[in-house]
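# Architecture and fold: a report
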Amino acid sequence: MLDQIQQLQSALSNLAASTPEEAEQLRIAYLGKKGRITQLFESFRQLPPEEKRQLGAALNELKQEATVRIKEILASVATQSVQQTIDLTRPAVPYPQGSRHPLTLIQEEICNIFERMGFSIAEGPEVEDDWHVFEALNFPPDHPARDMQDTFFVDHKSNILLRTHTSSVQTRVMKSQEPPIRVLCPGRVYRNEAISARAHCFFHQIEGLYIDRNVSYADLREALLFFAQSLFGADTQIRLRPSYFPFTEPSAEMDISCGLCHGEGCGFCKHTGWVEILGCGMVDPNVLENCGIDSSVYSGYAFGLGVERIANLKYNVKDLRYFSENNLDFLSQFTAHTTPL
Ligand code: PHE
């Protein structure tokens, strides 16, 4: 009997099966009711106690090894058969993709253009105080933008309000950093306006600020030309019209040549050939001084644009309300614009 046990034991490592059925046959042949090992146990029962003592351990060991080996074989053919039924070359089922919000897309595109010119991104709080939004930026106390009609006050007594422009972030950067400063401030701003197709009580701005020695109006013009041509196409022209902002001197408003009629004049540009896109100017020396920057050493330029307005120009969205209504029919149109991560 010891011989039989040893023979079976050494044969174990050569056992093999290529299908689950063959593996099951092996299990029956060795461990089934009439299997070889089961039969050995039956003969074992007839043996005199003396021999039982000698062979018991060897027989138990054989049973254990055979059980483990056959389990292994069963498991390996089972995974093989699963692999054979999965067609790994089949194209994947299309997965419904979300889309990025058009304002996010425009904001990213604009930030990328200015990042190429060395600007970095700065952010600040939406709930601000009067000093950062108005006072430091040279707004005279009776300036109409301070009027309650434009500004949402959170706490009128302590002059806490919702920022009406992201210039407040520029104030914070000027207060906390030494020139050279080159930052872009994207963010949401609030103004107390009745909601309509053309006005909303909140919208998004991107403002830029560059302060260094010898920054000139020519630098501002070059940067804005590069920006306009990168965003709207290489043949885009710009023009700067004199304007007024309390925090810049001189101030200007920038128009770009109308992309629809290429300057010929059409309904979109009200037959002028030009479309207004942003406000800009040289930072008023008072503003620099208010923020602790020596205006006899440093000068700078600033500009600010509305993201919704640019999105409207690029995607021809006529009604501002679409941007905040979370209407999937509107938003899903921008799936194709989403750049891969
Ligand atoms: N802060 C201005 C606005 O909200 C835009 C602007 C920024 C104009 C910087 C000039 C310079 O309209």
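To keep things clear, this report deals only with the structure shown in the data block. (Residues numbered from 1 in each chain as written. Predicted model: local features only at pLDDT ≥ 70, side-chain atom pairs only at ≥ 80, totals over all residues. Heavy atoms only, no water.)

### Notes on a nonpolar patch on the surface
Together, Val 82, Ile 86 and Leu 88 make up a nonpolar patch on the protein surface, roughly 320 Å² of accessible area in all. Relative to the assigned elements, Ile 86 resides in the loop between α4 (49–85) and α5 (102–116). (Patch = residues over 30% accessible without salt bridge, like charges linked within 9 Å, V, L, I, M, F, W, Y side chains within 5 Å. Areas by Shrake-Rupley, 256 points an atom, 1.4 Å probe, with all protein chains shown as cover. Salt bridge = Lys/Arg side-chain N within 4 Å of Asp/Glu carboxyl O. Helix = DSSP H or I, 4+ residues; strand = E, 2+ residues; numbered from the N terminus.)

### Re unusual backbone geometry
Here the residue pair Pro 179 and Pro 180 is connected by a cis peptide bond, since its omega of 0 degrees sits within 30 degrees of zero. On the secondary structure map, Pro 180 appears in the loop between α7 (167–176) and β5 (181–190). Positive phi, normally seen in glycine, also occurs at Asn 159, with a value near 60 degrees. Inspection of the secondary structure assignment puts Asn 159 in the loop between β3 (153–155) and β4 (160–162). Since its relative accessible area comes to 33%, Asn 159 is described here as partly exposed. With phi around 60 degrees, His 271 is a residue other than glycine that occupies positive phi space. Within the fold, His 271 resides in the loop between β8 (248–257) and β9 (274–283). (Buried < 20%, exposed > 50% of the residue type's maximum accessible area, 1.4 Å probe, protein only.)

### Some details on the packing of helix α3 (residues 36–46) against α4
Packing of α3 against α4 leaves a shortest axis separation of 11 Å and a crossing angle of 165 degrees. As the angle between them shows, α3 and α4 are arranged roughly antiparallel. Viewed along their axes, α3 and α4 form a crossing whose handedness is left-handed. Contacts between α3 and α4 involve Ile 37, Leu 40, Phe 41, Phe 44 and Arg 45 from the former and Lys 52, Leu 55, Gly 56, Leu 59, Asn 60, Leu 62, Lys 63 and Ala 66 from the latter. A class-by-class count of the residues in the contact of α3 with α4 yields eight nonpolar, two polar and three charged. (Axes fitted to C-alpha atoms, helices over the stretch in contact; angles between N-to-C directions. Parallel < 35°, antiparallel > 145°, perpendicular 65-115°, else oblique. Left-handed = near helix turned anticlockwise from the far one by under 90°. Contact = heavy atoms within 4.5 Å. Nonpolar A, V, L, I, M, F, W, Y, C, P; charged D, E, K, R; others polar.)

### Points about the site of the ligand
With respect to spatial proximity, 13 residues lie near the ligand, and among them His 165, Ser 167, Arg 191, Gln 205 and Glu 207 are the closest. Ser 167 has a polar side-chain atom sitting 3.1 Å from a nitrogen atom of the ligand. Measuring from a nitrogen atom of the ligand, one finds a side-chain N or O atom of Glu 207 at 2.7 Å. When the ligand is considered free in solution it has 320 Å² of accessible area, and contact with the protein chains removes 89% of it. At the level of secondary structure, the elements contributing two or more residues to the shell around the ligand comprise β6 (202–212), β9 and β10 (299–306). (Near = heavy atom within 4 Å. Polar contact = N/O pair within 3.5 Å; in protein donor to acceptor, adjacent residues only side chain to side chain.)

### Remarks on the nonpolar core
Core analysis: the biggest nonpolar cluster contains 47 residues, and Ile 110, Phe 227, Leu 278, Tyr 301 and Phe 303 have the highest contact counts within it. Among the secondary structure elements, those contributing two or more residues to this core are α5, β6, α8 (217–232), β8, β9, β10, α10 (307–315) and α11 (328–331). Those residues within four positions of Tyr 301 in sequence are excluded, and the remaining contacts are Phe 119, Gly 208, Leu 209, Tyr 210, Val 215, Ser 216, Asp 219, Leu 220, Ala 223, Gly 281, Met 282 and Val 283. In terms of nonpolar packing, the next biggest core, distinct from the first, is built from 22 residues, Val 173, Leu 209, Ile 211 and Ala 302 among them. (Core = buried A, V, L, I, M, F, W, Y, C linked by side-chain atoms within 4.5 Å.)

### Points about α7
Residues lying three or four places apart along an α-helix face the same way, a consequence of the helix completing one turn every 3.6 residues. Of all ten residues in α7, seven are buried; the element is thus mostly enclosed. Those residues of α7 that fall on the buried side of the exposure criterion are Ser 167, Ser 168, Val 169, Gln 170, Thr 171, Val 173 and Met 174. The inward-facing, buried residues of α7 contact β2 (127–129), α6 (130–133), β5, β6, α9 (285–290) and β10.

### Let's talk about the packing of aromatic side chains
For the structure on display, the rule yields 14 aromatic pairs. Centre to centre, the rings of Tyr 322 and Phe 330 are 5.1 Å apart; their planes meet at 20 degrees, and the pair counts as stacked. Residue class for Tyr 322 comes out partly exposed when judged on its relative accessible area of 35%. Classification of Phe 330 by relative accessible area gives buried; the value is 7%. An aromatic cluster of at least three residues, connected via ring pairs, comprises Phe 114, Phe 119, Tyr 210, Phe 227, Tyr 301 and Phe 303. Here Arg 182 stacks its cationic end above the ring of Tyr 210, 4.7 Å away from the centre of that ring. The ring of Phe 202 carries Arg 188 above its face, with NZ or CZ at 5.0 Å from the centroid. (Phe/Tyr/Trp six-rings, centres within 6.5 Å; stacked < 30°, edge-to-face > 60°. Lys NZ or Arg CZ within 6 Å of the ring centre and 35° of its normal.)

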